[in-house]
Structures are given as structure tokens and as C-alpha cells.
Amino acid sequence: MNDTMVTVVGNVATSVDYRDTATGGVAKFRFAATARRWDRERAGWVDGHTSFFTVNAWRALGANLAASVAVGDPLVVHGRLRVREEDWDGQRRTFVDIDASAVGHDLTRGTSAFRRVLKGEPRPADRPDAVPEAVPDTGGGGGERAADRPVELVS
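Parameters at a glance
Residues numbered from 1 in each chain as written. Predicted model: local features only at pLDDT ≥ 70, side-chain atom pairs only at ≥ 80, totals over all residues. Heavy atoms only, no water. Helix = DSSP H or I, 4+ residues; strand = E, 2+ residues; numbered from the N terminus. Salt bridge = Lys/Arg side-chain N within 4 Å of Asp/Glu carboxyl O. Buried < 20%, exposed > 50% of the residue type's maximum accessible area, 1.4 Å probe, protein only. Pairing = 2+ DSSP bridges. Polar contact = N/O pair within 3.5 Å; in protein donor to acceptor, adjacent residues only side chain to side chain. Contact = heavy atoms within 4.5 Å. Phe/Tyr/Trp six-rings, centres within 6.5 Å; stacked < 30°, edge-to-face > 60°.

## Thoughts on unusual backbone geometry
At Arg59, a residue that is not glycine, the phi angle is positive and equals roughly 50°. For Arg59, the position within the fold is in helix 1 (residues 59-68). The backbone of Asp89 sits at a positive phi, close to 50°, despite the residue not being glycine. With respect to the helices, strands and loops of the structure, Asp89 is situated in the loop between strand 5 (74-88) and strand 6 (91-105).

Next comes the structure, spelled out in C-alpha cells:
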């Protein structure tokens with residue numbers, strides 16, 4: 001099979017929409033990637049065109065994304081590129097999707113805390129009444145995502 005695999009660095013543009021389907025859960029969100037280049041005349045970085053993608057993540061990846069990612073988070077998304085055309089209001093439009101196989105926070109722009117989901121442990125998407133915890137409770141108030149907690153760096 002000749003799939004086009006891509007790795008895109010950018011930011012989460014919309015909230016993650018998680019839904020259970022007959023083939024397993026799926027998370028979907030819009031992702032924005034803006035090209036940057038060095039402008040010699042201005043002696044600084046300038047933003048180029050912003051590309052928007054719809055990212056789909058299935059099963060465990062989708063459930064973990066729904067529990068870990070918020071609008072504005074910097075991410076690295078890796079997956080299969082799909083380009084599709086549809087008619088919208090009489091006009092032909094092109095949409096670019098990424099079927100994600102791996103997603104992670106871009107650690108060049110911040111810190112992150114990882115918590116492995118153990119086999120048999122219910123995933124956050126399986127417990128709609130539960131507040132997702134990204135790290136074990138350290139007495140910091142509970143309930144909030146790890147990204148919302150202050151991080152203490154030890155040197």
C-alpha cells in the first residue's frame with residue numbers, strides 16, 4: 001500500500017471531539033501549522049501561510065488525546081495524509097486530513113507529564129463522569145489536567 005506518511009508540527013485549533021463508534025472510539029480536531037522563515041531584510045522570523053488539517057485518531061490514541069489535549073497546545077502529529085474533495089454550496093472544496101498514528105506535545109515549547117495507561121484500567125473516554133487525570137494526584141488540588149498544574153523542575 002502506498003500511503004503518504006507525514007509529520008506536522010503545529011497547534012490544536014479546536015477542542016477534541018471524542019465519539020464512540022461501532023469500530024472503536026475516534027477523536028477528531030482541527031490542527032493548524034504555520035510555516036516560518038527567516039527574513040534577511042527584516043532580520044527576523046516571519047509567519048507564512050497557515051495550513052489547517054483535520055486530525056482523526058482511533059481507539060486508544062483517540063481516548064488518550066481527548067484526555068490530554070486542549071485548544072492551543074503545541075503538538076507533533078504523525079500519520080497518514082488523506083486529501084479529499086467535496087461539493088459545498090455548489091463549489092468544489094479540498095480537505096486535507098491526517099489519520100494519526102502518533103501524537104505528542106511539542107517539548108521545544110513547554111513541558112509535559114506522561115502517565116502510562118495500564119492494561120485493564122478504564123480509559124478516560126470510557127468513564128464519561130470522571131475527570132481525566134494525566135498524572136497521579138500529588139496533592140495539587142486534583143481534577144485538573146497535568147498541563148494546568150505548575151511543574152517543579154529539579155536540577
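## Quick notes on the pattern of salt bridges
All chains considered together, the criterion is met by 11 salt bridges. Linking Asp97 and Arg84 is a salt bridge whose minimum nitrogen-to-oxygen distance equals 2.7 Å. Taken together, the positions of Asp97 in strand 6 and Arg84 in strand 5 put the pair 13 residues apart, joining distant regions of the chain. Since its relative accessible area comes to 2%, Asp97 is described here as buried. We classify Arg84 as partly exposed; its relative accessible area is 28%. Arg92 is paired through a salt bridge with Glu85; the nearest N and O atoms lie 3.3 Å apart. Arg92 sits in the exposed class, given a relative accessible area of 54%. Overall, the relative accessible area of 46% leaves Glu85 in the partly exposed class.

## Remarks on the pairing of strand 3 (residues 26-39)
Two elements, strand 1 (residues 5-12) and strand 3, share two bridges in a ladder whose sense is antiparallel. If you follow Asn11 over to strand 3, its bridge partner there is Ala32. One ladder, built from three bridges, connects strand 2 (residues 17-19) with strand 3; its direction is antiparallel. Within strand 3, the residue paired with Tyr18 across the bridge is Ala27. Between strand 2 and strand 3, which pair antiparallel one after the other, the connecting turn spans six residues, and Gly24 there sits at a positive phi close to 120°. For strand 3 and strand 4 (residues 44-58), the ladder comprises 13 bridges, and the chain directions are antiparallel. Of the residues in strand 4, the one forming a bridge with Ala27 is Ala57. Hairpin connection, strand 3 to strand 4: the antiparallel pair is bridged by four residues, and Ala43 has positive phi, about 55°.

## Points about the side chain of Asp99
Residue position: Asp99 is located in strand 6. Its relative accessible area of 14% is what places Asp99 among the buried residues. At 2.8 Å, the side chain of Asp99 and the side chain of Arg80 are in polar contact. At a separation of 2.8 Å, a polar atom in the side chain of Asp99 contacts the side chain of Arg82. Excluding residues that lie within four positions of it along the chain, Asp99 makes contacts with Asn56, Gly79, Arg80 and Arg82.

## Topic: the packing of aromatic side chains
Applying the stated criterion across every chain yields a total of three aromatic pairs. Consider the rings of Trp38 and Trp45, whose centres lie 5.6 Å apart with planes at 80°: the pair is edge-to-face. Overall, Trp38 belongs to the partly exposed group, its relative accessible area being 44%. Here Trp45 falls in the exposed class, since its relative accessible area comes to 52%. With a centroid separation of 5.5 Å and 50° between ring planes, the pair formed by Trp88 and Phe95 is classed as tilted. Trp88 sits in the partly exposed class, given a relative accessible area of 42%. Taking relative accessible area as the criterion, Phe95 reaches 18% and is therefore assigned buried.

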